[in-house]
There are 2 protein chains.
Amino acid sequence: MSRLFDRHRALLDAATAALRDRGYWAPFSEIPSGRIYGETAKSDGSAAFAARLGKPFSLPEHPETRRVGAEVSPWGPELGITYPTADAPALVAASRAAAPAWAAASVETRIGVCLEILVRLNRASFEMAEAVMHTTGQAFAMAFQAGGPHAQDRGLEAVAVAYEELSRTPKNAVWEKPQGKAAPVVLEKHWRIVPRGIGLVIGCRTFPTWNSYPGLFADLATGNTVILKPHPGAILPAALTAAVAREVLAEEGLPADVVLLAVDEPGREITKDLVTNPEIAIVDYTGSNAFGDWVRTHAGDAQVYTEEAGVNSIVIAATDDFDGMCANIAFSLSLYSGQMCTAPQNIFVPRAGIATDLGPKSFDEVGAGIAGAIDALLADPARMSGVCGAVADPATIARVEKAAGLGRVVRASTSFEGARSATPLMVAVDGETGRAHEEECFGPISFLVAVKDPDAAVAAAADLARRKGAITAALYDTDEDRILRSADAFARAGVNLSVNLTGNIFVNQSAAFSDFHVTGANPAGNASLTDTAFVANRFRLAMWRRPKAA
Amino acid sequence: MSRLFDRHRALLDAATAALRDRGYWAPFSEIPSGRIYGETAKSDGSAAFAARLGKPFSLPEHPETRRVGAEVSPWGPELGITYPTADAPALVAASRAAAPAWAAASVETRIGVCLEILVRLNRASFEMAEAVMHTTGQAFAMAFQAGGPHAQDRGLEAVAVAYEELSRTPKNAVWEKPQGKAAPVVLEKHWRIVPRGIGLVIGCRTFPTWNSYPGLFADLATGNTVILKPHPGAILPAALTAAVAREVLAEEGLPADVVLLAVDEPGREITKDLVTNPEIAIVDYTGSNAFGDWVRTHAGDAQVYTEEAGVNSIVIAATDDFDGMCANIAFSLSLYSGQMCTAPQNIFVPRAGIATDLGPKSFDEVGAGIAGAIDALLADPARMSGVCGAVADPATIARVEKAAGLGRVVRASTSFEGARSATPLMVAVDGETGRAHEEECFGPISFLVAVKDPDAAVAAAADLARRKGAITAALYDTDEDRILRSADAFARAGVNLSVNLTGNIFVNQSAAFSDFHVTGANPAGNASLTDTAFVANRFRLAMWRRPKAA
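In what follows, the accompanying structure is described. (Residues numbered from 1 in each chain as written. Chains lettered and ligands numbered in written order. Predicted model: local features only at pLDDT ≥ 70, side-chain atom pairs only at ≥ 80, totals over all residues.)

**A few points about the environment of Thr209(B)**
Residue and element names in this part refer to chain B. As a reminder of what qualifies: Note on conventions: DSSP H or I runs of at least 4 residues are helices, E runs of at least 2 residues are strands, and numbering of each starts at the N terminus. Put simply, a residue is buried when 20 or more other C-beta atoms lie within 10 Å of its own C-beta and exposed when 12 or fewer do; between those, it is partly exposed, and each C-beta is set from the backbone. Our contact criterion uses C-beta atoms placed from the backbone: two residues qualify when those atoms are within 7 Å.
Its location among the elements puts Thr209 in the loop between β5 (198-202) and α9 (213-221). Judged by C-beta crowding, with 28 C-beta atoms within 10 Å, Thr209 ranks as buried. With 57 residues separating them along the chain, Thr209 and Gln152 place their C-alpha atoms 8.3 Å apart. Those residues within four positions of Thr209 in sequence are excluded, and the remaining contacts are Met128, Val132, Gly147, Ala151, Pro237 and Thr241.

**Considering the sheet that holds strand β17 (residues 539-547) of chain A**
For clarity, the cut-off: The criterion for strand pairing is that DSSP finds at least two bridges linking the strands in question. To get an axis, a line is fitted to the C-alpha atoms, and for a helix only the part in contact is used. The angle between two axes follows their N-to-C directions and goes from 0 to 180 degrees.
Here 10 strands make up an open sheet; going across it, the order is β3(A)-β4(A)-β17(A)-β16(B)-β15(B)-β10(B)-β11(B)-β14(B)-β13(B)-β12(B) and the pairing mixed. The open sheet terminates on both sides in strands that have one partner only, identified here as β3 (172-179) of chain A together with β12 (408-411) of chain B. Strand-to-strand twist of the sheet, defined as the mean angle between neighbouring strand axes without regard to direction, takes the value 25 degrees. Pairing analysis gives 9 bridges linking strand β4 (residues 182-195) of chain A to β17(A), with the strands arranged antiparallel. Across the sheet, residue Glu188(A) finds its bridge partner in β17(A), namely Arg546(A).

**A word on the relation of the copies chain B and chain A**
Inclusion rule: Superposition of the copies was done by least squares, using only C-alpha atoms of residues whose pLDDT is at least 70 in both.
With an RMSD of 0.0 Å, the operation that places chain B on chain A is a rotation of 180 degrees combined with a shift of 0.0 Å along the axis. As the rotation angle and translation indicate, the two copies are arranged about a two-fold axis. Residues of chain B ranked by C-alpha distance from the rotation axis are headed by Ala533(B), positioned 3.1 Å from it. Take the interface residues of chain B: 100% of them recur as interface residues in chain A, which is what a same-surface contact looks like.

**A closer look at the pairing of β4(A)**
Residue and element names in this part refer to chain A. Note: β3 against β4, 7 bridges, orientation antiparallel. Residue pairing for β4: Asn172 is matched across the bridge by His190. Following β3, the chain reverses through 2 residues before pairing antiparallel with β4; Gly180 in that reversal takes a positive phi of roughly 60 degrees.

**Quick word on the interface of chain B and chain A**
If you look at the interface, chain B gives 54 residues, while chain A gives 54 residues. For the side of chain B that touches chain A, the secondary-structure elements that each account for two or more residues are β3 (172-179), β4 (182-195), α18 (480-492), β16 (496-499), α19 (532-536) and β17 (539-547) of chain B. Take the side of chain B that touches chain A: its biggest share by element is 8 residues, from β17(B). For β17(A) and β16(B), the ladder comprises 2 bridges, and the chain directions are parallel. Residue pairing across strands places Trp544(A) opposite Leu497(B), the latter belonging to β16(B).

Worth remembering: the numbers are spatial, not functional.
See below:
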C-alpha cells in the first residue's frame, strides 16, 4: 500500500467511524496548549511568523513570472511578504503537467499524502494562528482554533468522505452470466478512477483555511490537482498550506505543482481568468452571492461548489433562562465582530413581548437585555479585543455606520485601540413596515425585528432563508409543539437550527464530523460540508472488460 | 417501518450487495418465458396492449385540460391512443401540491413504494414489451428485455444506491463535548432529509423506460415528485409506468400526482416550458447533444443529469479469432439497426491490415469479413427483422441514404417488408484525409476508418471520445502491453472499453449492478448509471439541535 497511508490509517478509520456516528470527535486539539503542541510551540510559531515578515515567501520550484503581495494586518502592520505568481494560463499549464503523476498514484498514496499534509499543518498551528490573525483580523484564540485545528478537522473530514467513496467500487470483479445449458459468459472487469482535472479553490478573506480545506482536500484525495486562489488580503495562510503540501509531495517523489498558489493584487485579480479557463474542471468558491452568481454562470462545464452568504435569524418566542439567553446571543453577535457566515443578523421578537423565567419581558426589554449582555461581555478591554477581534475589510466599518441609520439604535457600535474595530451595533425595526433587515449586512450589525407573534417570526425567518439564503437559525422557545413545528419549517427552508442554546455553545459554531456546514438547499450555498455529494462527483469511474481466460 | 418495505426488503438487500460485488446479478428475468412470468403472460400482455389501441388512456385523477397523442408504430399501425395533458404551470402546480405528503413519508415508505412499483412493472413486462416495440421499433425480444426487466433492473439499482445514501447519516445523535473540569456540553441533534423539489424526467424515443427509470426512481426514492416527459413518439411506455406508479401511490394513501405525465405533440412540445420553470429542481435528460446543451444552459439552478450522444469506436489491432470477431461486430452493428447509444460507429483498422488466426488480413479483407458476417446474420428474413427491428425516426432513413455518399460503400443498407427498416450501411474512409466519421451518424451507419497503426487508432478513437463524447469503445488485440496501454487511454477519455468480445456478449450491452452506463467524464453525458453522484445531490440534510435534557 502506502507508507503514509499506513502511518495514518488509525486516524482515517476513526474519522470514518465518527462520520457515521455524528457524536463529538475532534482529532486535532483546539486548545493552544504547550502540553499538547509542545512547550515551545507558541514561541516557535511566533518566531516563524516573524521571520517571514518583510521577505519573499519561499515556494521552491513554484511557477513565478513576478512577485506580488500587499497584505496589511487589520491589527495594524503591513506584512511586507511577496509571493511568486504567474498568469492563469501558466498556472493551468503547470497544474496540467503535474496531473498525470498524481492521477496515476494509488488511492492509498494520495490519501496518505493528504493525511500527512494535515498532520504537518496541525504541528504548524501556532504559526498558522498568527498568519490567520494578521490577515483576517481574528483574535489569536479564534485564529488558532478556526485557522488551525478546526480547519484541519474539516480537511480530514473531506479526506475521509472521499476515501469511503473511492473505495465503494471494487478495482476488479468477475461477471459470470449463465447461458442455460451452454457455458456461461465470463468477463473480467477492471475499474479505474478518473479525476476530473484541475480544481480551483477560491478562498475568502475571513476564513482562509477553514473554508478552503474541504475543497482542497476533496480535490486532492480524488486525484485532481489544485490551484489555490486566496483573497489578496489573506494570502499567507494559503501560502503556508501550499508550502506544506508541496513539501510532502516532493518528499514522496510526486510533482510539487499538484498544489499551486494563484496570488494576485486587489484590483488586478486573476480569478475570472481562472474560472473561465476550460481546463478548470472543478471550482470551490467561498464568498459573496454576487460573485458566486458570476462563478456559477461562467464556470462552463466545471463542477461548482459554493458557500455564499445569507441572512441568519434568531427567533425569540419564550425562554426559561432570560439571562442565559441574552448572554449567549451577546457572544454570538460579538464573536469576530459578526464576520462569520454563521453569525446571526436578525432577532425576531413578538411586538407584545415574551414570557421568561424573570416574568414577562417587553420587546424593548428583550433588546435591552441583549444589549446589556453585550456591554457586560465587552466591559474588559482585553476581552473586548479578544472576542471581537479586528475588522478585516474597511468597507465593513462604513457599513456599520450606515446601518445605524436604518432604525432605532438599541446598542451603538464602538471601537477600541490597536485594531480596525467595531463592536456590535443593534438596530430595532418593525418587521411589517421595514425591509432593511432582509438584506445581508455583513459585520457586527443586527436587527431587532418586531413581529406579530412567534409563528409569524418563524415564518418570516424561514421565508427569508428560502429567498436570500441562511446558514444558521436559532430559536428560543418553551412550547414543545411549536419547537417541533419550527424545526420542520426551518428544515424546509434548508437551514440548520439551534434551539435554546445557553452556556458555552453558540449558534455560530459548527463542529466537523457532527454538524454539516451549509445544507446546500437555499441560496447560501449549493454545497454542504462534508456530505457525499461534495466528493462523489469530483471523480468518475472508467471500466474495461474482457473475456476471462479459463 | 413500512409494509411494502418489509415485503421487498430481501430484494433491496440483495441489490445493495450486488452493487458492492459488481458480479452478475439480475433480479428481473430477461427470459420472456411462461415458466417465469406465468403461462398466459404473453397472451395476456398482447391482449392488454390491444385493448388500449384506439382509446383514451385512463389515468384517474390526472390533471387534464385536453387529450393528445399521435403515436405511429414504426412497424406500421397508428396506435390511436390519447393521453390526458395540461400545460407546464398546471402540471407543476399539481406536482407541488403532491410534494408535502411525499416528502413527509418515511424513507422506508418511499423505498417500499418504489420497490412495489418495480415489481408490478415486472409483472406487466409483456404488455410493456408490446408498448415499447410499437413506439421505438425494437423487435419483440429486445423490447421485452430492454423495455422490461433490464429497465426495471436499472430502476432497482437507483433505488438501492439512493437507499444507501439516505441511510448514511443517523436520524439522531448525541454530541457531548468535554469542558475540562466543568460539566460537558451535551446536545441532541436531529437530521431531516429535505428533497430538492420537483424532478423532470425527459425521455427519449428509442429507450423510453430504460433511460428514464434511473432518474424517475432516484427522484422518488429521495423524496422528490416527478413529471415524466416522454418523447411524443413514445408515450405509451411512460404512460403505463405512470399508471402503475399512481396506482401504488393511491393504494398507500399517498397523492397519485407524485408521478405525473407531461404529454405533448410533435412541434408543440412543452419541454422548454418545463425545463425553465423555476420550480423544477432536478432534470434528467436523455437525448441529443444539441438539446442537451440547451437544457444544461437553461435549467437555471436545477440539478441536471444527462445522457447525450457520442461517437463510439472499435479499434481492430489484431485478433486470434477473426470469424468470431467479425460475427460479434456484425451483431453489434445490426442490433436495433444501430439505434443504441452504445452502438459502435467507427471501426479503426490499420491501413496495412492486421494479423489474425487466419493469417494476415488486409484493410479491405477486414471490411469484407464484417460485411459478410452481417449478410450471414441477416440472411434469414425473420432473423433480419428480429435483430434489426424497425427504425424509429424517418430522419434516420434519410441519414443512411446520405451517409452512403460519404465514402466507399463496403456494405449497402437494405430494407425489409413490414417495417420502416434499414440494415447496416458500412462506408470506408481514410482517417487522415476525411472527417465524416467524426460526426455522430445515429442509426445503422458505420465507418471503416483506415489509420496508420494500432496506436494511432487508439489515439484517434480516444481523442474523438474526449472531444465528441463516447459511451462505449471496443478493442481487438493480441498484444497484452498494448491492451493495457489502450485501457489507460480510453479511461482517460472517459469511455468504458470492451476487449476481444466474441460469442454471446456485445459492446452495446451494459449490465445493471455491474457496468456503470456512461462515465460522465466526456461529452456523451454528465451522469453515470448508477453511481453515488447520481443520487447524492437529489436531497439535502437539515439538522436541528438543542441542549439535551439531563
